[in-house]
Amino acid sequence: MTITIYGIKSCSTMKKAFTKLDELGVSYNFHDYKKQGIDKDSVQRWVNELGIDKVLNKRGTTWRKLEDVQKQAADSDVDQAIDLLIENTSMIKRPIVEGELTDKNKPILLCGFDEAEFDKVFS
């Protein structure tokens, strides 16, 4: 099983996800996009598979602090929204869990923390 969990270390939701993965005995790599950044290909892949509405967190303070013109641009053009996510990684919903279950040869892409979903996917 090769799993990468993307997010920000200090986020409380991330801490729940780390704890759950540890409880389930899932080994993972952590990518802190606050420190390491994130590449456009990854964000594009997430948006293509999950949709911009799932990946873009509009509830956080980073979104609320944007200029109205930036919000309108993101709402009307997915490419501009992706560029905003790369510039403002705090607006990416956390965590993003990506990888493959080797025993099932099944790709995984989860966005946000849902304990029941983690149980279902990793048990």
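To start, this report covers the structure provided alongside it. Because the structure is predicted, anything quoted here is derived from the model rather than measured.

On to the packing of aromatic side chains. Summed over the entire model, instances satisfying the criterion amount to 5 aromatic pairs. Plain terms: the ring middles of F18 and F30 are 5.1 Å apart, the flat faces sit at 90 degrees to each other, and that makes the pair edge-to-face. Of this pair, F18 sits in helix α1 (residues 12–23) while F30 sits in strand β2 (residues 29–32), and the two are 12 residues apart along the sequence. With relative accessibility at 25%, the residue F30 sits in the partly exposed group. Between the aromatic rings of F118 and F122, the centroid separation amounts to 5.8 Å while the plane-to-plane angle is 65 degrees, which identifies the pairing as edge-to-face. Of this pair, F118 and F122 are both found in helix α8 (residues 115–122), 4 residues apart, which corresponds to roughly one turn of the helix. For F118, a relative accessible area of 0% corresponds to the buried category. We classify F122 as buried; its relative accessible area is 7%.

Tracing the backbone through its elements, the reader meets V43 in helix α3 (residues 40–50). Beyond its immediate chain neighbours, meaning those up to four positions away, V43 contacts I38, I82, L85, I86 and I92.

This part covers α8. Taken together, the buried positions of α8 are F118, V121 and F122. Considered in projection along α8, the buried side chains sweep an arc of 80 degrees and stay on one side of the axis. Of the residues in α8, the exposed ones pointing more than 90 degrees away from the buried face are A116 and K120. Those residues of α8 that are buried lie in contact with β1 (2–7), α1, β3 (96–101) and β4 (106–111). N-cap assignment for α8: the residue whose side-chain oxygen lies 3.0 Å from the backbone N of A116 is D114.

The next thing to look at is the environment of Q70. By secondary structure assignment, the location of Q70 is in helix α6 (residues 68–76). Here the alpha-carbon distance between Q70 and F122, two residues 52 residues apart in the chain, equals 38 Å. Of the polar contacts made by the side chain of Q70, one reaches the backbone nitrogen of E67; its length is 2.9 Å.

Take the layout of surface pockets next. A volume near 200 Å³ is recorded for the largest pocket. What lines the largest pocket is simply C11, T13, D53, K54, L56, N57, K58, R59, K93 and R94. Here the residues of the lining of the largest pocket are counted per class, giving 2 nonpolar, 2 polar and 6 charged.

Thresholds applied
Residues numbered from 1 in each chain as written. Predicted model: local features only at pLDDT ≥ 70, side-chain atom pairs only at ≥ 80, totals over all residues. Heavy atoms only, no water. Phe/Tyr/Trp six-rings, centres within 6.5 Å; stacked < 30°, edge-to-face > 60°. Helix = DSSP H or I, 4+ residues; strand = E, 2+ residues; numbered from the N terminus. Buried < 20%, exposed > 50% of the residue type's maximum accessible area, 1.4 Å probe, protein only. Contact = heavy atoms within 4.5 Å. Arc of directions from axis to C-beta. Polar contact = N/O pair within 3.5 Å; in protein donor to acceptor, adjacent residues only side chain to side chain. 1 Å grid on protein atoms, 1.4 Å probe; cavity = no way out; pocket = protein on both sides within 12 Å on 5 of 7 lines; lining within 4 Å. Points joined across faces, edges and corners; volume = space filled by probe spheres on them. Nonpolar A, V, L, I, M, F, W, Y, C, P; charged D, E, K, R; others polar.

Keep in mind that these numbers describe shape and distance, not what the molecule does.
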